[in-house]
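# Summary of the model geometry
Now for the letters of each chain:
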Amino acid sequence: MPDATLGVVRSLSPEDLQSLGLEWLMVNTFHLMNQPGELALKKIGNLKKLMNWPGFLASDSGGFQLYSLIHKNPHLGKITDDGVVLYTGPKKQKKSLFTPEESIRLQFAIGSDIKIVLDDFSPPDADEARLEKSVKRTIAWAKRAKAEFEKELQARQKKAQQKQNRQLRQQEKQTRSLSPAQPRPLLLAPIQGLNHQKWRRYCADALLEIGFDMYGLGGWPLDKQGQFDYQLCQFNAELTPNKQPRFALGVGSLENIVQLFFMGYQFFDCVLPTRDARHERLYIFKTNPQELRAQDLKDLAEKNQLEKVFDYLYIGQGRYQHDLSAINEHCDCPICRNTQINRAYLRHLFQVKDSSAWRLATLHNLRTFQLLIEVLRR
Ligand SMILES: [Zn+2]
């Protein structure tokens, strides 16, 4: 799922997203709390209504954004056992508390289908004591978030039942169809613990005992050299049972998705296809994805040869100045199908800083990622 942090995939309309075959978007609770805000969302109904988005939404708790904010500037707040304390106002004199409960309430206002519990993101350089603290806090917060989730769910079910009863009574007077029951949203808990197997297992065991619908790969899956840590991802996947979906939060590149899919992860969200599109980086299939089988990808993944299938290009480079070919001959996005928008023209649009360049590049990249998902699903 692409990241629609503020309720929009930059430069695209909900109709564009549907035309690419996308069904899911990831939005961000912390950012949506500021704009349009909880009150506006409640008044409108939820974010799906505001966006007119017929697909599904997952909402991130806001934990990572708060962690980054405070990590960069400790004057903006601090993380406590109660929740995240934020200092706002011109002199940072206003104090507010963002709790696991509030994150859940906001995610109900958003109306998301997957809600994520607020976690204490372990800093990558954390020592054992800090790591223990963040894992134990993550577990305690997950427990509180689940209690709030159940409370909200019951309140909503009661409201829906009352509405249905009212409709039934009305129906006796006039024939009218009942409004369909809202599907129950799913609650996800991220597993923290950095690359310490002991703490990841501890975290997973405690979360399993509380019981969630899905489990997430929390934290940075990077090893000490800063390389993507596949072993850690594999270890993390084995901590939870197969019957519950696994979400590789914030992952990843085309290669990462293939590798993690075969470890048992089914959900992915990442800024790469959209952010890279705006930075002139375009993803390419070297072979026709319609003829690819998931098994081919599995074989290549095992041999570490996925570069035989995936590539990328920087459209701003001089060598594309006179290139009238499609961005990718194997892509079926509206841009590649319609070669009036050839490489040279897309490069030109970036050069003259026309806003359509973002839109065209984003459409292409998102379709490329979606094509991969379609191969894996097949
Ligand atoms: Zn394309």
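Everything here concerns the structure above.
Below is a summary of the structure that appears in this document. Not measured: the values here are computed from a predicted model.

### Brief notes about the sheet that holds strand 5 (residues 94-98)
Sheet architecture is open: 3 strands sit in the order 3-4-5, paired in antiparallel fashion. Pairing within the sheet leaves two strands with one partner each, and these edge strands are strand 3 (77-79) and strand 5. Direction aside, the axes of adjacent strands within the sheet are offset by 15° on average. Contacting strand 3, strand 4 (84-88) and strand 5, helix 5 (residues 63-72) crosses the sheet at an angle of about 55° to strand 4.

### Points about the pairing of strand 5
Across 5 bridges, strand 4 lies against strand 5 in antiparallel orientation. Note that in strand 5 the partner of V84 across the bridge is F98. Hairpin remark: strand 4 followed by strand 5, antiparallel, with 5 residues in the connecting loop; positive phi at G89, about 90°.

### Observations concerning the sheet that holds strand 7 (residues 186-191)
Strands sit in the order 1-2-6-7-8-9-10 across an open sheet of 7 strands; the sheet is parallel. Strand pairing shows two members of the sheet lacking a second neighbour, strand 1 (24-28) and strand 10 (267-268), which therefore form its edges. Pairing analysis gives 5 bridges linking strand 1 to strand 2 (residues 56-60), with the strands arranged parallel. Directly across from N28, in strand 2, lies its bridge partner D60.

### Topic: the pattern of salt bridges
Scanning the model with the defined rule gives 19 salt bridges in all. One salt bridge connects D120 with R137, and the closest N-O pair in it is separated by 3.0 Å. With D120 in the loop between strand 6 (114-116) and helix 7 (128-173) and R137 in helix 7, this pair connects stretches of sequence that are 17 residues apart. There is no split in this pair, since D120 and R137 are both buried. E128 is paired through a salt bridge with K198; the nearest N and O atoms lie 3.2 Å apart. Of the two residues, E128 is situated in helix 7 and K198 in helix 8 (residues 197-210); the sequence distance between them amounts to 70 residues. Its relative accessible area of 56% is what places K198 among the exposed residues. Connected through salt bridges with shared partners, the residues D81, D120, R130 and R137 form a single ionic network.

Cut-offs used in this document
- Residues numbered from 1 in each chain as written.
- Predicted model: local features only at pLDDT ≥ 70, side-chain atom pairs only at ≥ 80, totals over all residues.
- Heavy atoms only, no water.
- Pairing = 2+ DSSP bridges.
- Helix = DSSP H or I, 4+ residues; strand = E, 2+ residues; numbered from the N terminus.
- Axes fitted to C-alpha atoms, helices over the stretch in contact; angles between N-to-C directions.
- Contact = heavy atoms within 4.5 Å.
- Salt bridge = Lys/Arg side-chain N within 4 Å of Asp/Glu carboxyl O.
- Buried < 20%, exposed > 50% of the residue type's maximum accessible area, 1.4 Å probe, protein only.

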